[in-house]
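Overview (structure and organization)
Spelled out from the first residue to the last, the chains are:
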Amino acid sequence: MQVHNIQSVNFEKKQRFVTPKAKKNIEILLNKMNDEGISDKGEYYFQSTLIKGLKYKDDFKLIDGRINVGKIKQKDQMKKETHVFFDNIKLIIDNVTGEIKDFKKPFFTRWKKIMQTLDEYLVKMNDNYENADIVKKKRISVAGFTQKGFEQESSNKTGE
């Protein structure tokens, strides 16, 4: 009886990356979002209003996955990840490498088509970023005490 070797089966998912064009457009959008943020810091308090998401008409959403309470320094701009939603597709994209960390897509949708559509939407968002009728900006506001403000407030409460 003859024994045949069996090919090994790799059950790991294939690494996928967005196109260099898409990665560059995501970087441009994140920079624009960061530049438009407003931060104010006093001796006792801080407050920020940041853009955390963009929506192109009702077709495409981009959400900034970076967690911050103020403007991000230029050198730290491309950290963490970006979440993208369109056509029943959800992508989580690593900002540093452009790798698609996680995704949800219809079974019969080809990756080539997803990448083309992603590129198209990102270009449209960049071109129409200032047009509020086309690109809606989702803002988040954060406010709080600095350490000195917290200590001042605590001493006021205990002194009463």
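Residues numbered from 1 in each chain as written. Predicted model: local features only at pLDDT ≥ 70, side-chain atom pairs only at ≥ 80, totals over all residues. Heavy atoms only, no water.

Under the criterion given, the structure shown has six aromatic pairs. Between phenylalanine 107 and phenylalanine 108, the aromatic rings sit 5.0 Å apart at their centres with planes inclined by 85°, giving edge-to-face as the arrangement. Here phenylalanine 107 and phenylalanine 108 have matching classes, each one exposed. Aromatic rings pair up to connect Tyr56, Phe60, Phe86 and Tyr121 into one cluster. (Phe/Tyr/Trp six-rings, centres within 6.5 Å; stacked < 30°, edge-to-face > 60°. Buried < 20%, exposed > 50% of the residue type's maximum accessible area, 1.4 Å probe, protein only.)

Turning our attention to helix α2 (residues 111-127). When the terminal C-alpha atoms of α2 are compared, their 24 Å separation across 17 residues agrees well with the 24 Å that a helix rising 1.5 Å per residue should span. Where α2 is concerned, the buried positions are Trp111, Ile114, Met115, Thr117, Leu118, Asp119, Tyr121, Leu122, Met125 and Asn126. (Helix = DSSP H or I, 4+ residues; strand = E, 2+ residues; numbered from the N terminus. Expected span 1.5 Å × (residues − 1).)

The next thing to look at is a positive patch on the surface. Taken together, the side chains of Lys61, Lys90, Lys104, Lys136 and Lys138 define a basic patch exposed on the protein surface. With respect to the helices, strands and loops of the structure, lysine 138 is situated in strand β7 (residues 135-145). Of the residues examined, lysine 138 reaches a relative accessible area of 46% and is grouped as partly exposed. (Patch = residues over 30% accessible without salt bridge, like charges linked within 9 Å, V, L, I, M, F, W, Y side chains within 5 Å. Areas by Shrake-Rupley, 256 points an atom, 1.4 Å probe, with all protein chains shown as cover. Salt bridge = Lys/Arg side-chain N within 4 Å of Asp/Glu carboxyl O. Lys, Arg positive; Asp, Glu negative; His and termini not counted. Charge placed at Lys NZ, Arg CZ, Asp CG, Glu CD.)

To continue, consider the pattern of salt bridges. With the rule as written, the count across this model stands at eight salt bridges. Where glutamate 43 meets lysine 148, a salt bridge forms, and the shortest distance between an N and an O atom there is 2.2 Å. Remark: lysine 148 occurs in helix α3 (residues 147-159) and glutamate 43 occurs in the loop between β1 (38-41) and β2 (45-56); sequence separation between them is 105 residues. For glutamate 43, a relative accessible area of 46% gives the class partly exposed. For lysine 148, a relative accessible area of 43% corresponds to the partly exposed category. Its salt-bridge partner being glutamate 99, residue lysine 101 comes within 3.9 Å of it at the nearest N-O pair. Using a relative accessible area of 38% as the deciding quantity, one classes lysine 101 as partly exposed. Salt bridges here are not isolated pairs; linked through shared partners, they connect Glu36, Lys137 and Arg139.

Here we take up the nonpolar core. Among the nonpolar cores identified, the biggest contains 28 residues, and Leu54, Phe60, Phe86, Leu91 and Leu118 are the most heavily contacted of them. When residues of this core are traced back to their parent elements, those giving at least two are α1 (20-36), β2, β3 (60-64), β4 (81-86), β5 (89-94) and α2. Residues within four places of phenylalanine 60 in sequence aside, it is in contact with Leu54, Lys55, Val84, Phe85, Phe86, Leu118, Tyr121, Leu122 and Met125. (Core = buried A, V, L, I, M, F, W, Y, C linked by side-chain atoms within 4.5 Å. Contact = heavy atoms within 4.5 Å.)

We now examine the side chain of asparagine 25. Tracing the sequence through the fold places asparagine 25 in helix α1. Side-chain polar atoms of asparagine 25 contact the side chain of asparagine 126, separated by 2.8 Å. (Polar contact = N/O pair within 3.5 Å; in protein donor to acceptor, adjacent residues only side chain to side chain.)

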